[in-house]
Amino acid sequence: MEFRIDSPDAYGTTNITPISSQINNVLPFVSAFENGLKISDIVVINGVVNSSPIWFTISFHNERLESDSEHIPLCLNPRFEAGILIIRSKAFGKWLSSMEQVENYIPFFPSKLFEISIRCDQKQFQIAVDGTHFCNYVHRTGVQSCHFITVRGDIKIDNLRMRSISKQN
């Protein structure tokens, strides 16, 4: 199932919460998910890629410092010089060998604005770039312990927010 961040959700109401009002573009940027990452949450990141990018990462993790995290359910890592985008997970302190590698197409471009929307559903992360579905990444680790996001590398972040959908009865 594909999604668009601007589409209405038939299952409930939507609450949009800024993840951080303190974006100062000093990277790495680390912020907490106020109540942790939950199924049906959508994290939206707006920014611009630097003019001569080499790489950047966006990671969801369980400890304040990404390097201290035993579990990283999602690490999105475009590597511009190699022309690949790697999506992977870390469990119990080890990077898992099962990763997705998208070759010959990175949906981010030097000096261009972007919007990444990452929706967490029961089985996978659904990733959209600039309003268009890009890929799905099946959960390799649980997302329930995910309380932080880190952004680092060759990008500038303008806005970071979470869209939570509450089920209606």
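I will try to describe carefully the structure that is included in this document. (Residues numbered from 1 in each chain as written. Predicted model: local features only at pLDDT ≥ 70, side-chain atom pairs only at ≥ 80, totals over all residues. Heavy atoms only, no water.)

Focus on the overall build of the chain
Working step 1: Summing up its helical and strand segments, the chain has zero helices and 13 strands in all.
Working step 2: Element order for the chain, N to C, with α for helix and β for strand: β-β-β-β-β-β-β-β-β-β-β-β-β.
Working step 3: Residue pairs in contact within the chain that sit at least 24 positions apart in sequence constitute 65% of those at least 6 positions apart.
Working step 4: A total of about 8800 Å² of accessible surface is found on the chain, and carbon and sulfur atoms cover 49% of it. (Helix = DSSP H or I, 4+ residues; strand = E, 2+ residues; numbered from the N terminus. Contact = heavy atoms within 4.5 Å. Areas by Shrake-Rupley, 256 points an atom, 1.4 Å probe, with all protein chains shown as cover.)

Some details on the packing of aromatic side chains
Both the distance between ring centres and the angle between the ring planes are used here to describe each pair of aromatic rings.
Working step 1: One pass over the structure, following the stated rule, counts seven aromatic pairs.
Working step 2: Centre to centre, the rings of F56 and F108 are 5.2 Å apart; their planes meet at 75°, and the pair counts as edge-to-face. With a gap of 52 residues between them, F56 in strand β4 (residues 56–61) and F108 in the loop between β8 (100–103) and β9 (113–120) connect regions that are remote in the sequence. For the residue pair F56 and F108, the accessibility class agrees, reading buried in each case.
Working step 3: A centroid spacing of 6.1 Å and a plane angle of 10° characterise the contact between F56 and F114, whose relative ring orientation is stacked. Taken as a pair, F56 in strand β4 and F114 in strand β9 lie far apart in primary sequence, 58 residues in all. Here the two residues F56 and F114 agree in accessibility, since each one is buried.
Working step 4: Joined through ring pairs, the aromatic side chains of F56, F80, F108 and F114 make up one cluster. (Phe/Tyr/Trp six-rings, centres within 6.5 Å; stacked < 30°, edge-to-face > 60°. Buried < 20%, exposed > 50% of the residue type's maximum accessible area, 1.4 Å probe, protein only.)

Focus: the nonpolar core
Working step 1: Among the nonpolar cores identified, the biggest contains 33 residues, and L37, F60 and F108 are the most heavily contacted of them.
Working step 2: Contacts of F60, omitting those with residues within four sequence positions, involve F33, L37, V43, H71, I72, P73, L74, I118, F125, C146, F148 and I149. (Core = buried A, V, L, I, M, F, W, Y, C linked by side-chain atoms within 4.5 Å.)

Focus on the side chain of E115
Working step 1: For E115, the location among the structural elements is in strand β9.
Working step 2: Within the structure, the side chain of E115 is placed 3.0 Å from the side chain of N46, a separation counted as a polar contact. (Polar contact = N/O pair within 3.5 Å; in protein donor to acceptor, adjacent residues only side chain to side chain.)

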